[in-house]
Amino acid sequence: MDWLNAGVQGVLLGGQYALLACGLSLIFGVMRIVNLAHGVLAVLAAYLSLFLVQQGLPLWLAVVVVVPVFAALGYAVQRGLFNPALAQVRARGAGGDSRGGGSRGAGELAPLLVSFGVAVALTSLLQEVFSADTRRIPTGDLASAGVPLGPLSVGLLPLITLVVAVAVIAGVQLFLARTPTGRAMRAVADDPGAAALTGVDPRHMYAVATAVAFATLALAGVFVGMSTQFSPGYGDLVLLFAFEAVIIGGLGSLWGTLAGGVVLGVAQTIGAQIDPQSGVLAGHLVFLAVLVVRPGGLLPRSVPA
Amino acid sequence: MSVLEVTGLEVRYGDLLAVDGVGLTLAEGETLAVLGANGAGKSTLLAALAGTHLPAAGTVLLDGAAVTGMPAHRRVRRGVALVPEGRRLFGSLTVEENLLMGRYPRRPGPWDLRAVYDVFPHVAEMRDRRAAVLSGGQQQAVAIGRALLANPRVLLLDEVSLGLAPAVVTRIYDAVRRITAEGTTALVVEQDLDQALRVADRVQCLLRGRTVLEAPAAGLDREAVADAYFGITPDLRTQEN
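Residues numbered from 1 in each chain as written. Chains lettered and ligands numbered in written order. Predicted model: local features only at pLDDT ≥ 70, side-chain atom pairs only at ≥ 80, totals over all residues.

**Q** Give a description of the overall build of chain A that names residues and reports values.
**A** Scanning chain A from terminus to terminus reveals 11 helices and 2 strands. Along chain A, helices (α) and strands (β) appear in the sequence α-α-α-α-β-β-α-α-α-α-α-α-α when read from the amino end. The globule rule puts the C-alpha radius of gyration for 305 residues at 19 Å, and the 19 Å found for chain A is close to it. With the principal axes as the frame, chain A shows a C-alpha extent of 65 × 45 × 35 Å. Evaluated residue by residue, chain A yields a buried proportion of 50% over its 305 residues. Counting contacts in chain A only where the partners sit at least 6 residues apart, residues at least 24 apart contribute 74% of the total. (Helix = DSSP H or I, 4+ residues; strand = E, 2+ residues; numbered from the N terminus. Rg over C-alpha atoms; globule rule 2.2 N^0.38 Å. Buried ≥ 20, exposed ≤ 12 C-beta atoms within 10 Å, placed from the backbone. Contact = placed C-beta atoms within 7 Å.)

Structure (structure tokens):
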């Protein structure tokens with residue numbers, strides 16, 4: 001029974017990881033950027049929601065405010081920071097040919113370094129503004145409420161998180177697969193130069209992708225803030241788990257990211273069941289094992305994103 | 001008024017002047033073939049016309065309006081569609097999704113999915129397959145279809161025959177002939193002189209970035225074209241004789 005419980009709790013925890021990882025996966029899938037600021041941005045969203053709640057806003061209204069604000073922030077960050085860094089990659093890597101990506105060069109690291117700069121600057125800024133004390137978004141009794149599931153009792157908040165994670169990933173996947181904008185986004189991911197020849201502005205399309213990613217990241221940040229004590233440095237852990245979920249699932253595949261989040265969550269809870277101190281370690285070991293056995297992840301780019 | 005009017009075009013790659021003062025005009029419904037050896041500046045000329053590599057000097061007028069410095073994604077919305085060298089399909093998208101990308105500029109006109117499938121029936125059979133798994137000839141057909149779906153004022157075709165078997169090239173140019181015969185204005189860059197002459201009304205030969213020969217395609221003196229390819233002037237030939 002304990003093992004079954006650990007498994008179920010792991011799946012629920014995986015929902016949170018998948019929700020966190022969704023934006024990371026989308027940005028990587030569309031433009032091959034590993035956004036190192038992903039974790040601290042999620043923490044920023046948690047602080048922003050906490051601030052709004054402290055001003056007297058109901059939590060749902062805070063979410064309604066924070067998610068579009070983050071989408072706009074994502075668009076601006078892409079246009080202002082990541083696009084210039086990407087242009088550097090293309091100029092270095094492609095030479096005279098307008099075909100983007102694929103080549104090596106020092107410029108290849110530019111977007112990664114820019115996102116690293118954002119991450120460290122933002123972490124310091126959060127420490128200045130909010131101090132290093134741990135906080136939590138008050139949720140009333142939501143965080144402690146449970147629902148009976150057969151012989152088990154599962155937390156209501158983790159259950160909602162998992163449902164939201166599946167809904168968000170399905171929504172983004174549907175957007176990519178079925179809408180003209182989603183199709184254009186996949187086209188830009190394949191070949192930005194050729195996409196420009198069909199009338200798509202790659203810089204705009206990248207910014208739309210980052211806006212969507214930041215919106216999902218903000219939502220994830222709020223759920224983290226409700227379920228966990230967080231501090232400015234908590235973003236490191238968020239980035240680590242989200243990154244592991246993306247890699248386990250397979251880079252660039254959103255359903256893979258969901259699977260990766262669940263695998264990581266289950267590994268952590270089962271690990272903790274074996275030895276309460278070793279949950280996180282077990283997660284890392286599974287991550288390492290996947291890297292060795294299936295470097296492409298569980299579902300490598302089965303669905304292009 | 002000409003659909004396309006280019007004057008004094010200069011295009012650079014770093015220090016290299018790849019296109020050196022080229023001018024050309026394209027009338028409504030006309031097909032111009034730009035010929036020349038490797039490195040003559042043909043593809044660079046097309047890149048400048050499509051907006052993927054902007055010129056250093058000169059002007060490009062589309063229906064009388066200057067588009068010289070306009071980037072590619074805005075130029076296609078104005079009606080310049082390029083079928084790029086190497087086809088550049090979106091490999092992870094299906095054939096039909098690739099074609100639908102051509103509809104992205106939402107330009108009205110006679111070309112829709114059905115019209116493209118009529119010209120390339122074998123493409124219709126492959127509509128749900130991923131573009132990456134197609135053969136070279138099939139990919140070329142999709143690339144042409146994708147450009148047509150933008151309902152362009154002028155269709156630019158870059159080295160359509162490259163890397164394809166002769167029989168496949170003939171089939172592709174059969175289709176190009178039908179497309180241009182229906183009134184699409186086109187500029188064709190081609191190494192294969194015979195195929196170019198099948199579709200062209202006029203030819204223009206480039207050598208080291210300059211125009212060295214302009215002539216109607218009908219009754220074209222092939223020796224003159226061959227000379228223009230290699231930069232042999234009539235004077236030189238006289239001396240040799």
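Read on, since the account is not over.
**Q** Residues and numbers for the overall build of chain B, please.
**A** When its secondary structure is counted, chain B shows 10 helices and 10 strands. Against the 2.2 N^0.38 benchmark of 18 Å for 241 residues, chain B shows a C-alpha radius of gyration of 18 Å, consistent with a compact globule. Dimensions of chain B, computed from the C-alpha atoms along their principal axes, are close to 60 × 40 × 35 Å. Counting all 241 residues of chain B, 46% fall into the buried class. By sequence separation, contacts in chain B at least 24 residues apart represent 68% of the contacts at least 6 residues apart.

**Q** Which residues make up the interface of chain B and chain A, and what values do they have?
**A** Facing the 23 residues of chain B at the interface are 18 residues of chain A. Taken together, the elements giving at least two residues each to the side of chain B that touches chain A come down to α2 (72-78) and α3 (95-101) of chain B. If one sorts the elements of the side of chain B that touches chain A by residue count, α2(B) sits on top with 4 residues. Of the residues contributing to the side of chain B that touches chain A, the split by class is 13 nonpolar, 6 polar and 4 charged. (Nonpolar A, V, L, I, M, F, W, Y, C, P; charged D, E, K, R; others polar.)

**Q** I'd like to hear about the sheet that holds strand β4 (residues 57-62) of chain B, residue by residue, with values.
**A** Residue and element names in this part refer to chain B. Reading across from one edge, β2-β1-β4-β5 is the order of the 4 strands in this open sheet, with antiparallel pairing throughout. The open sheet is flanked by β2 (16-26) and β5 (65-66), the only strands paired with a single partner. Pairing between β4 and β5: 2 bridges, direction antiparallel. Across the sheet, the residue bridging to Leu62 is Ala65, located in β5. (Pairing = 2+ DSSP bridges.)

**Q** Before we move on, can you summarise helix α8 (residues 202-227) of chain A with the specific residues and values?
**A** Relative to the 38 Å expected for 26 residues at 1.5 Å per residue, α8(A) spans 37 Å between its end C-alpha atoms, a close match to the ideal helical length. Of all 26 residues making up α8(A), 23 are buried, and the element is well covered by its neighbours. (Expected span 1.5 Å × (residues − 1).)

**Q** How would you sum up the pairing of strand β10 (residues 210-216) of chain B? Please name residues and give values.
**A** Residue and element names in this part refer to chain B. Both strand β9 (residues 202-207) and β10 contribute to a ladder of 6 bridges, which runs antiparallel. Across the sheet, the residue bridging to Cys205 is Leu213, located in β10. Connecting β9 to the next strand, β10, in antiparallel fashion are 2 residues, including Arg208 with a positive phi near 45°.

**Q** Explain the nonpolar core residue by residue, including any values.
**A** Ala209(A), Ala242(A) and Leu156(B) are the most contacted members of the largest nonpolar core, which has 172 residues in total. Considering every element that reaches this core, the biggest residue donor is α8(A), with 17 residues. (Core = buried A, V, L, I, M, F, W, Y, C linked by C-beta atoms within 7 Å.)

**Q** Which residues make up the pairing of β9(B), and what values go with them?
**A** All names here are of chain B. Counting buried positions over the 6 residues of β9 gives 5, a clear majority of the element. By the bridge criterion, 4 bridges tie strand β3 (residues 31-35) to β9 in an arrangement that is parallel. When the sheet's bridge partners are listed, Ala33 is paired in β9 with Val203.

**Q** Tell me about the packing of helix α9 (residues 234-249) of chain A against helix α10 (residues 254-274) of chain A, and name the residues and values.
**A** All names here are of chain A. At their nearest, the axes of α9 and α10 sit 7 Å apart, and the two run at 115° to each other. With respect to the hand of their crossing, α9 and α10 are arranged in right-handed fashion. Here Phe241, Glu244, Ala245, Val246, Ile248 and Gly249 of α9 lie close against α10, whose contacting residues are Gly256, Thr257, Leu258, Ala259, Gly260, Gly261, Val263 and Leu264. For the contact of α9 with α10, the per-class residue count stands at 8 nonpolar, 5 polar and 1 charged. (Axes fitted to C-alpha atoms, helices over the stretch in contact; angles between N-to-C directions. Left-handed = near helix turned anticlockwise from the far one by under 90°.)

**Q** Hey, could you go over the sheet that holds strand β7 (residues 154-158) of chain B for me, with residue numbers and the actual values?
**A** Residues and elements named next belong to chain B. Spatial strand order, β6-β7-β8-β3-β9-β10: 6 strands in an open sheet with mixed pairing. Bordering the open sheet on either side are β6 (80-83) and β10, each of which pairs with just one other strand. Each neighbouring strand pair of the sheet contributes to a mean axis angle of 20°, computed without reference to strand direction. Taken together, the 4 bridges between β6 and β7 define a ladder with parallel strand orientation. Looking across to β7, one finds that Val80 is bridged to Val154.

**Q** Account for the confidence of the model for chain B, with residues named and values stated.
**A** Of the residues in chain B, 96% have a pLDDT of 70 or more, and the chain-wide mean is 93. Reported for the predicted complex are a pTM of 0.91 and an ipTM of 0.92. (pLDDT = per-residue confidence, 0-100.)

**Q** An account of the environment of Gln268(A) is needed here, citing residue identities and associated values.
**A** All names here are of chain A. Relative to the assigned elements, Gln268 resides in helix α10. Expressed as a C-alpha distance, the spacing of Gln268 and Phe287, which sit 19 residues apart in the sequence, is 11 Å. Residues within four places of Gln268 in sequence aside, it is in contact with Gly10, Leu13, Gly279, Val280, Ala282 and Gly283.

**Q** Summarise the environment of Gly15(A); cite the residues concerned and give the values.
**A** All names here are of chain A. With respect to the helices and strands, the residue Gly15 is situated in helix α1 (residues 2-31). For the pair Gly15 and Ala259, spaced 244 residues apart in sequence, the C-alpha separation works out to 9.2 Å. Contacts of Gly15, omitting those with residues within four sequence positions, involve Pro158, Thr161, Leu162, Ala165 and Gly261.

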